Amino acid sequence: MTTSVTTAGNDPEAPAPASPAQKIEGRSLGQIAWTRFKRDKLAVVGGVVVILLIVLAVLAKPIEGVFGLDPDAFNQDLLDANLGGLPLGDWGGMSMDHPLGIDPVNGRDLLARVIEGSWVSLLVAFGATLLSNTIGTVLGVMAGYYGGWVDTLISRVMDVFLAFPLLLFAIAISTSLQGGAFGLHGLPLHLLVLIFVIGFFNWPYMGRIVRGQTLSLREREFVHAARSLGARGPFILFKELLPNLVGPILVYSTLLIPTNILFEAGLSFLGVGIQPPQASWGGMLNDAIKYYQVDPQYMVVPGLAIFLTVLAFNLLGDGLRDALDPKSN
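Residues numbered from 1 in each chain as written. Predicted model: local features only at pLDDT ≥ 70, side-chain atom pairs only at ≥ 80, totals over all residues. Heavy atoms only, no water.

Novice: Pulling in residues and values, what's your account of the layout of surface pockets?
Specialist: By volume, the second largest pocket amounts to about 290 Å³. Around the second largest pocket, the lining comprises 14 residues; the ones closest to its centre are Leu53, Val114, Leu304, Ala305 and Leu308. Elements that contribute at least two residues to the lining of the second largest pocket include exactly α2 (41-58) and α13 (297-324). The element that contributes the greatest number of residues to the lining of the second largest pocket is α13, accounting for seven residues. The residue makeup of the lining of the second largest pocket, split by class, is twelve nonpolar, two polar and no charged. (1 Å grid on protein atoms, 1.4 Å probe; cavity = no way out; pocket = protein on both sides within 12 Å on 5 of 7 lines; lining within 4 Å. Points joined across faces, edges and corners; volume = space filled by probe spheres on them. Helix = DSSP H or I, 4+ residues; strand = E, 2+ residues; numbered from the N terminus. Nonpolar A, V, L, I, M, F, W, Y, C, P; charged D, E, K, R; others polar.)

And the structure:
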């Protein structure tokens, strides 16, 4: 009598051995946002350009020293006296020594002046954005959370600030303080005035955004839970609400910075911002008006610097908005 022995390994109907449990790792909100952000190639490019611009602005002086760039050095030998001081050669005097050419009359290197102007524009833009965000965030979250007369008072103050003719007001303040104020003179005074004027009168835009977000957040469960545990207003404002407002604040900041860059360039273009001989992109555009027909290179260089900077910040801001939006795909 033959007995057949069937093993579990040879039985096709035998249950498969249980596979070891795979470890499932959760992802934080930051990791999810970073994954979304990386998918947006334009936003990544914009972020890379913004980082390079910031590095260029921070290291402007060392870069000028290493490569021997002097934004205020005259090169009269490279100018054609018979043509009113226009640069010799094509494309505004572009050469190996002056890759972006030189400016008419003075012969100053445009590359050096663009690098020198980068830290001025970014310093004013970042300083003004920080000031407006600080004021707007604090007042906006208070108006949205407390409501009632607090909301009414802050909202009316916002309306008053929004009614100011900002450009005319900035021109008036900048002009009146040209001689000196607060113990400051020259470039430090001009930078401080621009940061204050642009930042102080732009905070209502951030305030309205934060107020609207706070109105929806204050009815959420985590706020009610904090109240039930005895938390008071200041704790809820700064520990519960503000951390949940980081996303909108960050996105709006990246969109506000290029606006402030354009505003600073506009004031310098009008002659009430950064004063010569300090290089600024808006001031370079103002000087180029007289030569745009005979030396268009002089206008293209600072104009392109402003265009690329504003475009990079806008692409970065759009990418951050999509990455931080939980409803986006």
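Novice: Break down the packing of aromatic side chains for me, with residues and values.
Specialist: On inspection of all chains with the given rule, the structure shows ten aromatic pairs. Taking the centre distance of 5.7 Å and the plane angle of 45 degrees together, the rings of Phe161 and Phe201 count as tilted. Of this pair, Phe161 sits in helix α5 (residues 148-162) while Phe201 is found in the loop between α7 (186-200) and α8 (203-217), placing the two residues 40 residues apart along the sequence. Residues Phe161 and Phe201 agree in their burial class; the two are buried. (Phe/Tyr/Trp six-rings, centres within 6.5 Å; stacked < 30°, edge-to-face > 60°. Buried < 20%, exposed > 50% of the residue type's maximum accessible area, 1.4 Å probe, protein only.)

Novice: Go over the environment of Leu88, please, and point to the residues and values.
Specialist: By the secondary structure assignment, Leu88 is in the loop between β2 (86-87) and α4 (110-146). Counting along the chain gives 13 residues from Leu88 to Gly101, while the straight-line C-alpha distance between them is 9.7 Å.

Novice: Can you tell me about the side chain of Arg108, naming the residues and giving the values?
Specialist: Summarising the element assignment, Arg108 is placed in the loop between β2 and α4. The residues touching Arg108, leaving out its near neighbours within four places in the chain, are Pro71, Asp72, Ala73, Phe74, Asn75, Gly101, Ile102, Asp103 and Arg113. (Contact = heavy atoms within 4.5 Å.)

Novice: Kindly report on a nonpolar patch on the surface, identifying the contributing residues and their values.
Specialist: Side chains of Ile51, Ile54, Val55, Val58, Leu59 and Phe126 sit close together on the surface and give an oily, nonpolar patch of about 510 Å² of accessible area. Sorting elements by how many residues they give to the nonpolar patch places α2 first, with four residues. For Ile54, the location among the structural elements is in helix α2. (Patch = residues over 30% accessible without salt bridge, like charges linked within 9 Å, V, L, I, M, F, W, Y side chains within 5 Å. Areas by Shrake-Rupley, 256 points an atom, 1.4 Å probe, with all protein chains shown as cover. Salt bridge = Lys/Arg side-chain N within 4 Å of Asp/Glu carboxyl O.)

Novice: Lay out the pattern of salt bridges with the relevant residues and their values.
Specialist: Counting across every chain of the model gives nine salt bridges. Taking the shortest distance from any N to any O, the salt bridge between Arg108 and Asp103 comes out at 2.9 Å. Just as Arg108 is buried, Asp103 falls in that class too. Overlapping salt bridges bring together Arg156, Asp159 and Arg208 as one network.

Novice: Tell me about the environment of Lys41, and name the residues and values.
Specialist: With respect to the secondary-structure elements, Lys41 resides in helix α2. Residue classification places Lys41 among the exposed residues on the basis of a relative accessible area of 61%. In this structure, the C-alpha to C-alpha distance between Lys41 and Leu315, residues 274 residues apart in sequence, is 9.7 Å.

Note that all results are geometric; they support no functional claim without further evidence.
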